[in-house]
Each structure stands twice: as structure tokens, then as C-alpha cells.
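Structural overview for review
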Amino acid sequence: MAAILRQSRSLQFTSTVRLNTGYSMPILGFGVAYGFDKPTDTHAVTKPSVLEALRAGYRHIDTARCYRNEVEVGEAIRESGVPREDTFVTTKIDSSLHGYESTLSTVKASLSDLGLDYIDLYLIHDAGSGQELRLATYRALLEAKALGEIRSVGVSNYGVKHLEELQQAGLPPPAVNQIELHPLCQQRPIVDYCREHGIVVQAYCPIIRGRTDHPVIKELSEKYEKEPAQVLIRWSLQHGFVPLPKSSQAARIRSNAQVFDFELTDADMAALDSLDKGKAGAVSWNPVDVA
């Protein structure tokens, strides 16, 4: 994977990427998928973590219906004092809720739980419901967009097959495809398709759920005097991805954002690129191959 250094020297915490809907999205997000990799009281940790993230300068928060914490995310945004127009909120609908009418009602439930007048980006969380239901879900999200309830429609965990399915159905391309993405699992065919079709790629599990003991990662951490997680997030940014690191620790929340004062060389980007294990490198569910 060739390094995409999209003016990397000028990347800042406040930098944004323009979506195909015309809206701008911050290039670094904050994920709140607590409890999936280790036991966590999601309701207890979400609000203070999002408040800390907003204090640290994050303006892009990524949640989902199945995370069961949209209420806490909304409370944190309101209590933070950060103007709504300065925040970018993403949520998602998983395959257990797919269908046209159920999607329309789920969007309204998200608006209610978040306490927002609109949602910046609404994603189909996974393609596991089958072609008929996921297409109906996509059409319903487009309807919610037309109603002003959401601003951009996207997908998550979509393989090339699922993306082509949208095109074949005559539907507009998603603004975003959020997939597991890090040096060990680079999903190159999906990334290539998205780049060719103007779809922004978001990276979940960008710090490999803390599994950063690979010698190359450790070597670069020492070279740049940065945490391994910071090296991984910087790799993602220099490739033009939008990483979504997650933490409930204040120090880690802040350090994950301290990635704009150094730049990986082309050689070091290539060294990280060489670590790709394909699907075998995934550390999450990564359901991009479902029928």
C-alpha cells in the first residue's frame, strides 16, 4: 500500500476531510465501543470519557445503537459547552434492526437518545441482514437524510461486494465506509475501491486493541519517542484514513491525539505497510465477507 501523504505536514487536530455529501468531518475521531474487548460498565465510563475527549480537543464522536450509550454521549456533548455545530456525531444501525420502517424508527430513537436535532453521519453497522434488508435500510437512511434528520449516510464493515451492490441498485455511494484497519489488517481491496469511488475510509481498532508488541512498531516508537499507539494513529492519518481510537483513561485519550507534531518517513510507512496479514491480522469481528 503506497503511502498517501495528503499534505501530512499540514495535518492538524482541527483538520477535516470533505465528504461526498459536501459536509466536513474531523480527521481524528473518538470511539466509544466500550465493553466489546474487555468487561466494562459502558454507562459508567462513556460520559466522563467523552467529556475528557471534548476537553482534549476531539470534535468527532463515534457511537452506535448497539453500544447502548447514545444517551451518555448526548449528555456529554451538552455539558461540555462545545457548540453543537462544532461537533460531529456518528451512530450506527446494526443488522438486527435492519428494514425500511425499523430503520426510520431507529433513527428517531437515536435522535431522542442523543438529544440532537440532527445526526452528522449514520452508518449501516454491518451487512449481516442480507441483500434485501440492507438495501431497504440504506434507502431508509437516505429518506431520513432527505427529512433533515441525518446529514450523511455511510456504511461499516462493507466489503467490495456490498459496495458494488449499492451501485448496481442505482443508489448513491456512501459517504464513509468504516472498517477494521491497521498495519496488521489493511483491507487493501476495500480501501482501493473506496478511494476510486470517493468514499472516505474510517479506521476502527486503529491501535490494534493495544497489541503493539511487534518489533517494527516498538522500533518506530523508540525512534520517534512516541507511544506505539501514536505511531499507529499517525500511520492511519498519513494514509488518508480517519482513525477512531478508543480509551476510557484520561491520559491515553489525550496522548492518542498528540500525533500532529511528527511525521513518519516514507521508509517507515513502508515498514508498517509490510506487516499486513490480511484477514488473519484482524482483532475484531471484521464481518466484511458476509453474504
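Please refer to the structure placed before this passage.
As a further point, take the environment of I61. If you trace the backbone, I61 turns up in strand β4 (residues 60–62). Residue class for I61 comes out buried when judged on its relative accessible area of 1%. Taking the C-alpha atoms as reference points, I61 and V89, separated by 28 residues in sequence, lie 5.1 Å from one another. Residues contacting I61, with those up to four places away along its chain left out, are F30, V32, V50, L54, V73, F88, V89 and T90.

Turning our attention to the side chain of H182. The residue H182 is located in the loop between β8 (176–180) and α6 (188–196) in this model. Reaching out from H182, the side chain makes a polar contact with the side chain of E180 at a distance of 2.8 Å. What H182 contacts, discounting residues up to four positions off in sequence, is C205, P206, I208, W235, G281 and V283.

We now examine the nonpolar core. Residues M25 and F30 are the most contacted members of the largest nonpolar core, which totals 86 residues. Ignoring anything within four residues of it in the chain, the contact list for M25 reads S15, T16, V17, L19, H60, F88, L121, V176, V200, Q202 and V242.

Attention now moves to the pairing of strand β5 (residues 88–93). In terms of burial, β5 is largely enclosed, as six of its six residues are buried. The alternating pattern of β5 places F88, T90 and K92 on one face and V89, T91 and I93 on the opposite face, and all of these are buried. Pairing analysis gives three bridges linking β4 to β5, with the strands arranged parallel. Each bridged residue has a counterpart across the sheet, and for I61 the counterpart in β5 is V89. Pairing analysis gives four bridges linking β5 to strand β6 (residues 119–124), with the strands arranged parallel. The residue bridging K92 from the neighbouring strand is L123, located in β6. Of the crossover connections in this fold, the one passing from β5 over helix α3 (residues 100–114) to the parallel β6 is right-handed.

What follows covers the sheet that holds strand β9 (residues 200–204). Here we have eight strands laid out as an open sheet, ordered β3-β4-β5-β6-β7-β8-β9-β10, and parallel in their pairing. The strands lining the two open edges of the sheet, one partner per strand, are β3 (30–31) and β10 (242–243). Pairing geometry for β3 and β4, over two bridges, is parallel. Bridge pairing in β4 links F30 to I61.

Taken as a whole, this structure holds six aromatic pairs when the rule is applied. Taken together, a centroid distance of 5.6 Å and an interplanar angle of 65° make the contact between F36 and Y67 edge-to-face. With a gap of 31 residues between them, F36 in the loop between β3 and α1 (42–56) and Y67 in the loop between β4 and α2 (70–80) connect regions that are remote in the sequence. Given the relative accessible area of 45%, F36 is considered partly exposed. By relative accessible area, which is 8% here, Y67 ends up buried. Members of the aromatic cluster, each reached through a chain of ring pairs, are F13, F30, Y58 and F260. Note that R84 overlies the ring of Y118, its terminal NZ or CZ placed 4.1 Å from the centroid.

Rules and cut-offs
Residues numbered from 1 in each chain as written. Predicted model: local features only at pLDDT ≥ 70, side-chain atom pairs only at ≥ 80, totals over all residues. Heavy atoms only, no water. Helix = DSSP H or I, 4+ residues; strand = E, 2+ residues; numbered from the N terminus. Buried < 20%, exposed > 50% of the residue type's maximum accessible area, 1.4 Å probe, protein only. Contact = heavy atoms within 4.5 Å. Polar contact = N/O pair within 3.5 Å; in protein donor to acceptor, adjacent residues only side chain to side chain. Core = buried A, V, L, I, M, F, W, Y, C linked by side-chain atoms within 4.5 Å. Pairing = 2+ DSSP bridges. Right-handed = clockwise from strand over helix to strand, strands pointing away. Phe/Tyr/Trp six-rings, centres within 6.5 Å; stacked < 30°, edge-to-face > 60°. Lys NZ or Arg CZ within 6 Å of the ring centre and 35° of its normal.

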